[in-house]
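If you want the building blocks of each chain, they are given just below.
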Amino acid sequence: MKPFAQSSRRNERLMALTLLMVVLFSPPLLTAVDRLPGWASLTLYLFIAWAGVIGLTAWLMEGSKGH
Amino acid sequence: MRTDLVILGAAFSYLALLFVVAAWGDRRAEQGKSIIGSPSVYALSIAVYCTAWTFYGSVGRAAEYGPSFLLIYLGPTLAMLTAPFLLRKMVRIAARQRITSIADFISARYGKSSGLGALVALMALITITPYIALQLKAITVSHAVLINYPDSPDASLANEGFWLDKSLWVALVLAVFIILFGTRHLDASERHEGMVAAIALESLVKLVAFMSVGVFVVFVLFAGPQDLFQQVALSPDLADTLRLDQVPGGTTGWVGMLILAFLAFLTLPRQFQVLVVENVDEHHLTRASWLFPIYLLLINLFVVPIALAGLLLGDVAGDPDSFVLTLPLSAGAEGLPLFVFIGGLSAATGMVIVETIALSTMVSNQLIMPLLLRFRFLHASQPGQLAGWLLGIRRVAIVLLLLLGYLYHALMGDAYSLVTIGLVSFAGVAQFAPALLIGLYWRGASRLGAMLGLIAGFGVWGYTLLLPGFAQSGWWDMALIEQGPWGIEWLKPYALFGLQGWDIYTHALLWSMLANVGLLVGASLFSRPTPLEQTQAALFTEAMHPNLQGTTLWRGQTTQGELRDLLARYLGAAATQRVFADIAESQDAADQIASHALVTSAEQALAGSLGSASARVLINSVVRGEALDLEGLLSILDTTSQTLEYNRRLEQKSDELARIGEELRSANERLRELDRLKDEFVAMVSHELRTPLTSIRAFAEILRDGDNLPEHKRQHFLGVIVHESQRLSRLIEEILDLARLESGRLTLDPKPLDLAQVAQRSVDAISRLQENRGIALDSAIDVEPAIIIGDEDRLEQVIINLLDNAGKFADTDQPKVRLRLYRHKRHYRLSVEDNGKGISEDERERVFEKFHQIQEQGEVPRGRPKGSGLGLPISRGIVAHLGGRLWVEDAPNLGGACLIMELPEAPEQAQ
């Protein structure tokens, strides 16, 4: 039962990460970031958030590989 | 350096390298040492997603529409996040059913419908051909830019004959490549190892080429990112380039594009090919789910710097779609532009190769094959002939597809910029998404629903994107876009039903998806699916069910001989031999009934080569009886829940058993303890009885033998005998009492009496004895009369016992005993205390056990025990019978032990 419980926990985390990504790249947040001073703030935000999501995915996927 | 000869030499050398790599990959696969069996190669092959459109078009889009270019890559990142659920399910289904393309997948899901398969194949053909054209155009344009810079590339493009167009020759070389490495096996569900290896290499080349331009622009053209960004900050024109309002359609356009990219990534035929069909191991998805997004991130890292640099430089840079080439050219670099051209070439060829393989498989398996199967003469053809035909059909299809792409590019390619064609294709293939995704999770989705949804969605797509595109190319009247058909305002293709202000892709996506999903769901709810549809639907939606592993679904019957003939006719001898590998060929075997597993693997082999719909038609022609129906399938699926239920019950039972076992064990332990107590009791009793008996016998023997004993000795011995006999009879009396008490046969005679009198009488009875022993007995009777209900003799026995005990355990030098009778609430209490050592806390209950003798701590027991050890248990039994209690406390006055007997006051009327 244990590996199953762990993989379902991983799936829950992935679901949450997917939702997080949807939120991070949805208009309300982007509009807020776009209003920040500096011409590159939105682009910087997009790349950093993107890299963050990829990093979390890698951590989730590789972290639970042993099971 | 930039002569045509050098450029063409480099380009065709690069293509030759692809041939070598692909041939090497196939060789290794034949030797069983696959080079593509790694998640990294898998991730790189998925990167075929990044076409020439990414390579050249991203910069153009960033220059024009700000950050919206990123959406094309955020969508796939989102899709890869769902890989462990969604893609894994698709991969597993495709592997189990030997799916060869997305058309085959959708056709198989909806009851192996050949109509649906043909529809999807046709739609893919219409949608993807412009996309292939786009790649060829990119090759032509980039070549022209490279040759003509700093002049505009249009000059040479306009007056060039088609035989001079380099992309035609590239297309022809690609056709040879694809025929060589894409149609090696008839079985299209088998992996094209060489091709995948070449694609992975192409992905690496385009990534390195693009990043080289980025590094060149940032660090050579400018003095690092800070320099570039400072210059951008100084030019007010550029300050708003990267704002959200640059995105077409604003925030709505943003969301629409994200959804579009997400759906297209899953439904593009080439993505389906590399993600699902060419997948070696579904565990590779785990690594690819983050490795591929990293690839996307890297290839986009320099898009913004390159776009900004190009805008800063102005005219030298030319068209934004060509910045990647013109920026190094403007700086006079020689080698880099060539490398960039090769990078663009690899992006374009990679896409063309995979897309063409996917499309040619669809054309042969979904469009041509079902038609061919209608002709009688095929069934009578030579064994293996059809296999040759089928490969021939695929090869012709490949050449035709590439030519079609080239024609499209040559005839109307100029109408759109690169990105436009790509997005129109995206919106087109996204129409497959509802049938695909809803079909994966909703068992009720039916063939009719999928068919209507696809037709409607595709129709709306054609009306809102394709037709206006034709109009813009000058093939249609522009009035269609500006005034609507026949002047009907609300039918304007870019503002359907008056929906204005949206970008055209989100607009088209909304209406087409509404029609598509609406009809799919609506028609599914009101149509009755065939049994095969239901079975396939269950097989797809329950694909991850552990029970489906290795289940054979055929229940019909046929002979091995018929099956062998069928396979040999359509697949050839070699493929037949693989299916029948474990079965010896003989006349006997030919007449034997084919096992269900054999029928299933025969159908799979046919499906891998001809598509699932055709395979089903062929199998049905020889197998009598149907495949497993829905009910049978559901029963297989339910077995697990039954097993789980059994398991749960078993677990309950074993829990119960364990509990009962535990109870038995403790009961057994209690019995053993009782047994031990009984043994102990018997041993005690015998011991207690033997002691006085021994002394009686000893003295009696002395009296018998000693004739000349002096008189006083004789008297003394007789006295001892009498005393011991009394002790013996008292002991026996006590044991009998105890036995009666324990068996509940003790007869008491309860009646109202005055406890004070009884206590006084007891004190009187024992005082002489105590005085003789030197014990100071003191009594304090506070209440008189103390009327209770009790048995006078028994109570006297109890009180005497208590006083006697107290005397025995009182201090040896100055023994003192004190009796007190007092009232406590509605009870009378009689306490007897002494000035002995007292009884320790944990001994207090044990003194009421049978034969318990208090061992004074640290003291060697002196002489004979002071009593039988039965007095207190008997006393407690009697008191309890009379409704009272007997317990031990600390003595309040004398400091020793204090035994307290409490009896309830008699009711009023009894007094």
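Quantities reported herein were computed from a predicted structural model and do not represent experimental measurements.

A.B. asks: Provide a residue-level description of the overall build of chain A, including the pertinent values.
C.D. replies: Summing up its helical and strand segments, chain A has 3 helices and 0 strands in all. Helices and strands in chain A line up, N terminus first, as α-α-α. Considering chain A as a whole, with its 67 residues, one finds that 43% of them fall into the buried category. As displayed, chain A offers around 3,800 Å² of accessible surface, 73% of which is attributable to carbon and sulfur atoms.

A.B. asks: A description of the overall build of chain B should follow, citing residues and the corresponding values.
C.D. replies: Helix and strand counts for chain B come out as 35 helices and 7 strands. By the burial criterion, 55% of the 911 residues in chain B qualify as buried. Summarising the internal contacts of chain B: among those between residues at least 6 apart in sequence, 80% fall at separations of at least 24. Just so you have it, chain B exposes about 39,400 Å², and 58% of that area is on carbon and sulfur atoms.

A.B. asks: Just give me the short version of the packing of aromatic side chains, but keep the residues and values in it.
C.D. replies: Residues and elements named next belong to chain B. Under the counting rule described, the total for this entry stands at 16 aromatic pairs over all chains. For the pair Tyr49 and Phe426, a centre-to-centre distance of 6.1 Å together with 40 degrees between the ring planes defines the contact as tilted. With Tyr49 in the loop between helix H2 (39-46) and helix H3 (52-65) and Phe426 in helix H20 (residues 418-429), this residue pair connects regions lying 377 residues apart in the sequence. The residues Tyr49 and Phe426 share a single accessibility class, namely buried.

A.B. asks: Please give an account of the interface of chain A and chain B that cites residues and values.
C.D. replies: Each partner contributes residues to the interface: chain A has 30 residues there, and chain B has 34 residues. Carbon and sulfur atoms make up 77% of the area that chain A and chain B hide from each other, which totals about 3,000 Å². Counting across the interface, chain A meets chain B through 1 salt bridge. The partner of Arg287 of chain B in a salt bridge is Glu62 of chain A, with the nearest N and O atoms 3.3 Å apart. On the surface where chain A and chain B come into contact, there are 4 residue pairs in polar contact (both at pLDDT 80 or more).

A.B. asks: Describe the packing of helix H9 (residues 166-182) of chain B against helix H17 (residues 335-372) of chain B, naming the residues involved and giving the relevant values.
C.D. replies: Residues and elements named next belong to chain B. With their axes 10 Å apart at the nearest point, H9 and H17 run at an angle of 50 degrees to one another. With respect to their mutual orientation, H9 and H17 come out oblique. Here the hand of the crossing between H9 and H17 comes out right-handed. Along the contact surface, H9 presents Val170, Leu174, Phe177, Ile178 and Gly182, while H17 presents Leu345, Thr349, Val352, Ile353, Thr356 and Ile357. Along the lines of polarity and charge, the residues of the contact of H9 with H17 split into 8 nonpolar, 3 polar and no charged.

A.B. asks: Any chance you could break down the pattern of salt bridges for me, citing the residues and the numbers?
C.D. replies: All names here are of chain B. By the definition in use, this model includes 32 salt bridges over all chains. Close ionic contact of Glu701 with Arg697 constitutes a salt bridge, the shortest N to O distance being 3.3 Å. Within this pair, Glu701 and its partner Arg697 are both found in helix H31 (residues 630-705), separated by 4 residues, close to a single helical turn. On the basis of relative accessible area, Arg697 is assigned to the exposed category, the value being 58%.

A.B. asks: Break down the environment of Ala765 of chain B for me, citing the residues and quoting the values.
C.D. replies: Positionally, Ala765 of chain B belongs in helix H33 (residues 755-773). A sequence separation of 35 residues divides Ala765 of chain B from Ile800 of chain B, and the C-alpha atoms of the two residues are 8.0 Å apart.

A.B. asks: Go over the nonpolar core, please, and point to the residues and values.
C.D. replies: Judged by nonpolar contacts, the single largest core of 201 residues is most densely connected at Trp50 of chain A together with Tyr49 and Phe426 of chain B. Discounting chain neighbours no more than four positions away, the residues touching Phe426 of chain B are Tyr49, Trp53, Ile72, Tyr131, Leu260, Ala261, Ala264 and Leu268 of chain B. Ranked by size, the runner-up nonpolar core spans 45 residues in total, among them Leu753, Ile775, Leu870 and Val888 of chain B.

A.B. asks: Break down a nonpolar patch on the surface for me, citing the residues and quoting the values.
C.D. replies: A contiguous nonpolar surface patch, about 310 Å² in accessible area, is contributed by Leu20, Leu56 and Trp59 of chain A. Note on placement: Leu20 of chain A falls in helix H1 (residues 2-24).

A.B. asks: Please set out unusual backbone geometry residue by residue, giving values where relevant.
C.D. replies: Negative phi characterises most residues that are not glycine, and trans characterises most peptide bonds. All names here are of chain B. The step from Glu784 to Pro785 runs through a cis peptide bond, and the omega angle for that step is 0 degrees. When you line up the elements, Pro785 lands in the loop between strand E2 (776-781) and strand E3 (787-790). Positive phi, close to 55 degrees, is recorded for Lys825, a residue that is not glycine. Looking at where Lys825 falls in the secondary structure, it is placed in the loop between strand E4 (816-824) and strand E5 (827-834).

A.B. asks: Quick rundown of helix H34 (residues 792-809) of chain B? Include the residues and the values.
C.D. replies: All names here are of chain B. For H34, which comprises 18 residues, the first-to-last C-alpha distance of 26 Å matches the rise-based estimate of 26 Å (1.5 Å per residue) to within 8%. All of the buried residues in H34 are Arg794, Leu795, Glu796, Val798, Ile799, Asn801, Leu802, Leu803, Asp804, Asn805, Ala806 and Gly807. At the N-terminal end of H34, a side-chain oxygen is found 3.2 Å from the backbone nitrogen of Asp793, two or three residues along, and the residue is Asp791.

A.B. asks: I'd love a proper account of the sheet that holds E5 of chain B, names of residues and values included.
C.D. replies: All names here are of chain B. Spatially, 5 strands are ordered E2-E4-E5-E7-E6 in an open sheet, and the strand pairing comes out mixed. Lying at the two open borders of the sheet, with one neighbouring strand each, are E2 and strand E6 (885-890). Here the strands of the sheet are splayed against their neighbours by 20 degrees on average, with no regard to which way each runs. Relative to strand E7 (residues 897-904), E6 runs antiparallel, the two sharing 6 bridges. If you follow Asp890 over to E7, its bridge partner there is Ala897. Each of E6 and E7 touches helix H35 (residues 871-881); the most contacted strand, E6, lies at about 125 degrees to it.

A.B. asks: Describe the side chain of Ser425 of chain B, with residues and values.
C.D. replies: Residues and elements named next belong to chain B. Turning to its location among the elements, Ser425 is positioned in helix H20. Judged by its relative accessible area of 1%, Ser425 falls in the buried class. A polar contact is formed between the side chain of Ser425 and the backbone oxygen of Thr127, at a distance of 2.8 Å. Once you skip the residues sitting within four places of it in the chain, Ser425 turns out to touch Thr127 and Tyr131.

A.B. asks: I'd like a rundown of the environment of Lys137 of chain B, residues and numbers included.
C.D. replies: Residues and elements named next belong to chain B. Among the secondary structure elements, Lys137 is positioned in helix H7 (residues 114-148). When its relative accessible area of 11% is taken as the criterion, Lys137 is described as buried. Sequence separation between Lys137 and Gly405 is 268 residues, and the spatial gap between their C-alpha atoms is 9.5 Å.

A.B. asks: Account for H3 of chain B, with residues named and values stated.
C.D. replies: Residues spaced three or four apart along an α-helix point in a common direction, a consequence of the helix completing one turn every 3.6 residues. Residues and elements named next belong to chain B. Taking 1.5 Å per residue as the helical rise, H3 with its 14 residues ought to reach 20 Å, and the 18 Å between its terminal C-alpha atoms agrees with that figure. The largest bend in H3 is about 40 degrees, located at Ser58. For H3, the tally of buried residues reaches 12 of 14 residues, placing the bulk of the element in the interior. By the burial criterion, the buried members of H3 are Ala52, Trp53, Thr54, Phe55, Tyr56, Gly57, Ser58, Val59, Gly60, Arg61, Ala62 and Ala63.

A.B. asks: So what's going on with the confidence of the model for chain A? Which residues, and what values?
C.D. replies: In this model, chain A carries an average pLDDT of 80, and 84% of its residues clear a pLDDT of 70 or more. In the model of chain A, H1 of chain A stands out as the element of lowest mean pLDDT, 78, in contrast to helix H3 (residues 41-63) of chain A, which has the highest, 89.

A.B. asks: Tell me about the packing of helix H4 (residues 71-81) of chain B against helix H14 (residues 284-301) of chain B, and name the residues and values.
C.D. replies: Residue and element names in this part refer to chain B. Direction vectors running N to C along H4 and H14 enclose 170 degrees, while the axes themselves pass 9 Å from each other. Compared by their axis directions, H4 and H14 come out roughly antiparallel. Contacts from Tyr73, Pro76, Thr77 and Met80 of H4 reach H14 at Ala288, Ser289, Phe292, Pro293, Leu296 and Asn300.

A.B. asks: I'd like a rundown of the environment of Leu401 of chain B, residues and numbers included.
C.D. replies: Residues and elements named next belong to chain B. Here Leu401 shows up in helix H19 (residues 385-412). Accessibility expressed as a relative area gives 4% for Leu401, which makes it buried. Separated by 38 residues in sequence, Leu401 and Val363 have C-alpha atoms that sit 9.8 Å apart. Not counting residues up to four positions away in its chain, the partners in contact with Leu401 are Leu125, Thr356, Leu359 and Ser360.

A.B. asks: Run through the confidence of the model for chain B, naming residues and quoting values.
C.D. replies: Mean pLDDT for chain B: 82, with 89% of residues reaching 70 or above. The low-confidence segment residues 856-864 of chain B, where pLDDT is below 50, has 9 contacts with residues more than four positions distant or belonging to other chains.

Parameters at a glance
For every chain, the first residue of its written sequence is number 1, and the numbers climb from 1 along that sequence. Note on labels: chains are lettered from A, ligands numbered from 1, in written order. Restriction of local features to residues with pLDDT of at least 70 applies here, the model being predicted, together with a cutoff of 80 or more for giving and counting side-chain atom pairs; totals for whole chains, interfaces and linings are based on all residues. Note: side-chain values were computed over all heavy atoms of the structure, leaving out hydrogens and water. Runs of H or I in DSSP of at least four residues are treated as helices and runs of E of at least two as strands, each being numbered from the N terminus. Buried residues are those whose accessible area, probed at 1.4 Å on protein chains only, stays under 20% of the maximum for their type, while exposed residues exceed 50% and partly exposed ones sit between those limits. Throughout, the Shrake-Rupley method with a 1.4 Å probe supplies accessible areas, and for residues the shown protein chains are the sole cover considered. We call two residues in contact whenever any of their non-hydrogen atoms come within 4.5 Å of each other. Side-chain rings of Phe, Tyr and Trp, where Trp is taken by its six-membered ring, are said to pair if the distance between their centres is within 6.5 Å; with planes under 30 degrees apart they count as stacked, over 60 as edge-to-face, and otherwise as tilted. Put simply, buried area is the surface a 1.4 Å probe can reach on two separate parts but cannot reach once they are joined, added for both. Salt bridge, as used here: a side-chain nitrogen of Lys or Arg that lies within 4 Å of a carboxyl oxygen of Asp or Glu. Under this definition, polar contacts are N or O atom pairs within 3.5 Å; protein pairs additionally need one hydrogen-donor-capable and one acceptor-capable atom, and for neighbouring residues in sequence, both atoms have to be side-chain atoms. All axes here are fitted lines through C-alpha atoms, helices being fitted over the stretch that makes contact, and every angle between N-to-C directions spans 0 to 180 degrees. For classification purposes, angles smaller than 35 degrees are called roughly parallel, those larger than 145 roughly antiparallel, those between 65 and 115 roughly perpendicular, and all remaining angles oblique. Two helices that cross are described as forming a left-handed crossing if the nearer one is turned anticlockwise from the farther one by less than a right angle, and a right-handed crossing if clockwise. As a working rule, the residues Ala, Val, Leu, Ile, Met, Phe, Trp, Tyr, Cys and Pro are called nonpolar, Asp, Glu, Lys and Arg charged, and the rest polar, with Gly in that last group. What is meant by a nonpolar core is a set of buried Ala, Val, Leu, Ile, Met, Phe, Trp, Tyr and Cys residues, joined one to another through side-chain atoms within 4.5 Å. Put simply, a patch holds well-exposed residues, over 30% relative accessible area, that have no salt bridge, with like charges counted together within 9 Å and Val, Leu, Ile, Met, Phe, Trp or Tyr side chains within 5 Å. An expected span of 1.5 Å times one less than the residue number is assigned to each helix. For two strands to be treated as a pair, DSSP must find no fewer than two bridges joining them. What we call the bend at a residue is the angle made by axes fitted to the seven residues finishing there and the seven residues starting there. Values of pLDDT, which run from 0 to 100, indicate the predictor's confidence residue by residue.

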